[in-house]
Every structure is written in C-alpha cells, then in structure tokens.
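Understanding the architecture of this molecule
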Amino acid sequence: MRRHKLILATAMSALIAGVATPSVAQQVQADATGESSPSASSDITAVSNRPDVAQWSAPDAQMEAFVDDLIAKMTLDEKIGQLTLLTSDWESTGPTMRDTYKQDIRSGRVGAIFNAYTADYTRELQKVAVENHRLKIPLLFGYDVIHGHRTIFPISLGEAASWDMEAIEKSARVSALEATAEGIHWTFSPMVDIARDARWGRISEGAGEDVYLGSKIARARVRGYQGDDLRVTDTLL
C-alpha cells in the first residue's frame, strides 16, 4: 500500500512540474537558491511559490529502482490498465462488483476502484488483484470523502464560512482516519476551483469566490488528509 501511494504521488508531482509556467519555475528556483527573482524584487505583492517539501517526497534511490524495474516488466496493456478507474456498485446495490470488472482486475487491466469501501470489501478486491496477477500491483481505492466519511461535517462551503483553519484541518484529519480504516487511499477533495456562479452545482464543494481564502483552506485540508508523511497508513491522497 505504501509503495502504491508513493508511486502515484511521485507521478502526480512529475506531472505538475511538467506543466509549470516559466515564471513559476524561475521563482521556485530562486527560492531554492536563496536568490531573488526580478519579479519578486520589483513587486511587493509577489507571493513566494516555494512548495512545502514533505519528508516522503525526498529522493529515494531504492524506490526509484523498484519503480523502474516494475515498469520495465509491464506490457503496454498493463500500463494502460494502471490508468484505468472502474467503479464498484456499492452505492446502488451494496458491496458488489460486476464479473467483467473482476476479470479485468485479475488481468491487470485496472489500476484503481471507485466507490468501494469497508475493510472487508476492499480486502476482498485487493486479494483478487494481488493474488491473481503476475505483477501483484495493489489496487488504489478512491471515494468522495468531501466533508467527512462516517462523521459528517458541514459542507465545504459552510466550513469555509467559518474562516477557522484549525477546525477545517481537524475535520480533514478525522475524515482521513475514518476513510483509511475502511481501505480508502484517495479522496476527490479539496475542490479548489474558484466558484463565482451560483448556478454551478459543485459550488458547495469549494471555498467560495475568494482566491486567498480558497488557497488557505486548500492548504489546511491537504495537511489534514496527508499529514507530513504519506508512508503512514492513515494518510489519504
């Protein structure tokens, strides 16, 4: 489980780095070297783009070698399979999975499952993946843990109205503890779009129309979900 979370997190970091704009990249480099960039020195409103450096993201030669070796063993279909997300029928019929989906799992054509939780059910599906395929790559389980899991908190927009970053971070931490105890690795939160049109249905999952408030709340939620070490089993991507 830890390796799978680290592999996904590393891939996401690489993707984000690949789409960074030149100005952001220059600012990050300047922050890292201690030098001031032209834009930072000439604009008193400039905000540092230096990212938080988490312990789990530090270079790990052993993990990099493991990932390289694993990818070298994979067929093209297996690589595509790792990018495939299928859904369980939990929300409509309970802890069930279509037979064709189970066959896809056995064949290594699935990397993640949505809408599957509880320790017993996720363990059942995980055994199908790990015990029936030559590469034994575990599944990643995702679920909409938006404003709580077993404990339900106010909707995200309601929490944002409190301006209480400590409470928001705590609600995300409780959500992570409850969700990971039921086999969930990945949540589709926080929703960080800046919503200024009330007709958009997903506005309730965000922090409103203010960029600064939205950024502070996003930071608090991510800290709550992920803590400071994604290798810990009660952290949530």
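This section reports on the structure supplied with the text. (Residues numbered from 1 in each chain as written. Predicted model: local features only at pLDDT ≥ 70, side-chain atom pairs only at ≥ 80, totals over all residues. Heavy atoms only, no water.)

Observations concerning the pattern of salt bridges
Tallied over the full model, the rule gives twelve salt bridges. Salt-bridge contacts for Lys 73 lead to Asp 69; the nearest nitrogen and oxygen are separated by 3.2 Å. Of this pair, Lys 73 and Asp 69 both sit in helix α4 (residues 61-73), four residues apart, which is roughly one turn of the helix. Of the residues examined, Lys 73 reaches a relative accessible area of 46% and is grouped as partly exposed. As a salt-bridge pair, Asp 104 and Arg 109 come within 2.7 Å of each other at their nearest N and O atoms. (Salt bridge = Lys/Arg side-chain N within 4 Å of Asp/Glu carboxyl O. Helix = DSSP H or I, 4+ residues; strand = E, 2+ residues; numbered from the N terminus. Buried < 20%, exposed > 50% of the residue type's maximum accessible area, 1.4 Å probe, protein only.)

What about the packing of aromatic side chains?
By the definition in use, this model includes three aromatic pairs. Here the aromatic rings of Phe 114 and Phe 188 are separated by 5.2 Å at their centres, their planes lie at 75°, and the arrangement is edge-to-face. Here Phe 114 is found in strand β2 (residues 112-114), whereas its partner Phe 188 is found in the loop between β4 (186-187) and α11 (211-226), with 74 residues between them in sequence. On the numbers, 4.6 Å between centres and 50° between planes, the contact of Tyr 117 with Tyr 143 is tilted. Linking Tyr 117 in the loop between β2 and α8 (119-132) with Tyr 143 in strand β3 (residues 140-143), this pair joins segments that are 26 residues apart in sequence. Assessed through its relative accessible area of 14%, Tyr 143 is described here as buried. What links up through ring pairs into an aromatic cluster is the set Phe 114, Trp 186 and Phe 188. (Phe/Tyr/Trp six-rings, centres within 6.5 Å; stacked < 30°, edge-to-face > 60°.)

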